[in-house]
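Topology and contacts: notes
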Amino acid sequence: VVRLWNTETGRLESNLPSCRHVVYTVCFHSDGARVIAAGFSSQVHIYEVARGRETLTLEGSGDDQRASAVSPDGALLAAAGRSGVIRVWTLADGQ
């Protein structure tokens with residue numbers, strides 16, 4: 001489970017349905033409205049924070065996903081697998 005906490009109040013804001021596996025990497029999209037989570041699977045999950053629901057699942061490099069990052073302009077998402085393979089997607093279309 002990916003839990004989102006309010007750092008000002010210390011209150012749990014949301015439990016996002018997780019990848020069904022251990023989560024190794026979580027990052028916020030630059031718009032602050034989405035969270036990216038990935039881990040012990042080849043999938044990268046994108047969640048809408050306000051609704052607490054998954055909006056997109058991307059297929060990673062075929063092994064555990066160990067790192068993720070969103071470009072400053074929010075257009076691209078990169079995820080790195082345990083094998084060292086890095087996949088990059090355009091978030092507008094998931095390609």
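Residues numbered from 1 in each chain as written. Predicted model: local features only at pLDDT ≥ 70, side-chain atom pairs only at ≥ 80, totals over all residues. Heavy atoms only, no water.

Our next topic: the nonpolar core. Nonpolar side chains in soluble globular proteins generally cluster together in the buried interior. Counting 11 residues, the largest nonpolar core is built from C27, I36, A38, V44, I46, L58, V70, L77, A79, W89 and L91. Sorting the residues of this core by element identifies β4 (34–39), β5 (43–48) and β8 (76–81) as the ones contributing at least two each. The next biggest cluster of nonpolar side chains, apart from the first, holds 6 residues, and it includes L4, L16, V35 and A37. (Core = buried A, V, L, I, M, F, W, Y, C linked by side-chain atoms within 4.5 Å. Buried < 20%, exposed > 50% of the residue type's maximum accessible area, 1.4 Å probe, protein only. Helix = DSSP H or I, 4+ residues; strand = E, 2+ residues; numbered from the N terminus.)

Once that is clear, we can look at the packing of aromatic side chains. Here the structure, examined in full by the defined rule, presents 0 aromatic pairs. For R66, the ring lying beneath its charged end belongs to Y24, and the centroid distance is 4.3 Å. (Phe/Tyr/Trp six-rings, centres within 6.5 Å; stacked < 30°, edge-to-face > 60°. Lys NZ or Arg CZ within 6 Å of the ring centre and 35° of its normal.)

Turning next to the sheet that holds β5. Ordered in space as β3-β4-β5-β6, the 4 strands form an open sheet in which the pairing is antiparallel. The open sheet has two edge strands, β3 (23–28) and β6 (53–59), and neither has a second partner. Strand-to-strand twist across the sheet, computed as the mean angle between neighbouring axes with direction ignored, equals 20°. (Pairing = 2+ DSSP bridges. Axes fitted to C-alpha atoms, helices over the stretch in contact; angles between N-to-C directions.)

For R53, the location among the structural elements is in strand β6. The class for R53 is partly exposed, based on a relative accessible area of 39%. The contact partners of R53, leaving out residues within four places of it in the chain, are I46, Y47 and E48. (Contact = heavy atoms within 4.5 Å.)

The next point concerns the pattern of salt bridges. With the rule as written, the count across this model stands at 6 salt bridges. A salt bridge links R34 to D31; its shortest N-O distance comes to 3.0 Å. The class of R34 is partly exposed, set by a relative accessible area of 27%. In this structure D31 comes out as partly exposed when scored by relative accessible area, which is 41%. A salt bridge links R53 to E48, with the nearest nitrogen and oxygen atoms 3.6 Å apart. Beyond isolated ion pairs, a larger network of salt bridges with shared partners links E48, R51 and R53. (Salt bridge = Lys/Arg side-chain N within 4 Å of Asp/Glu carboxyl O.)

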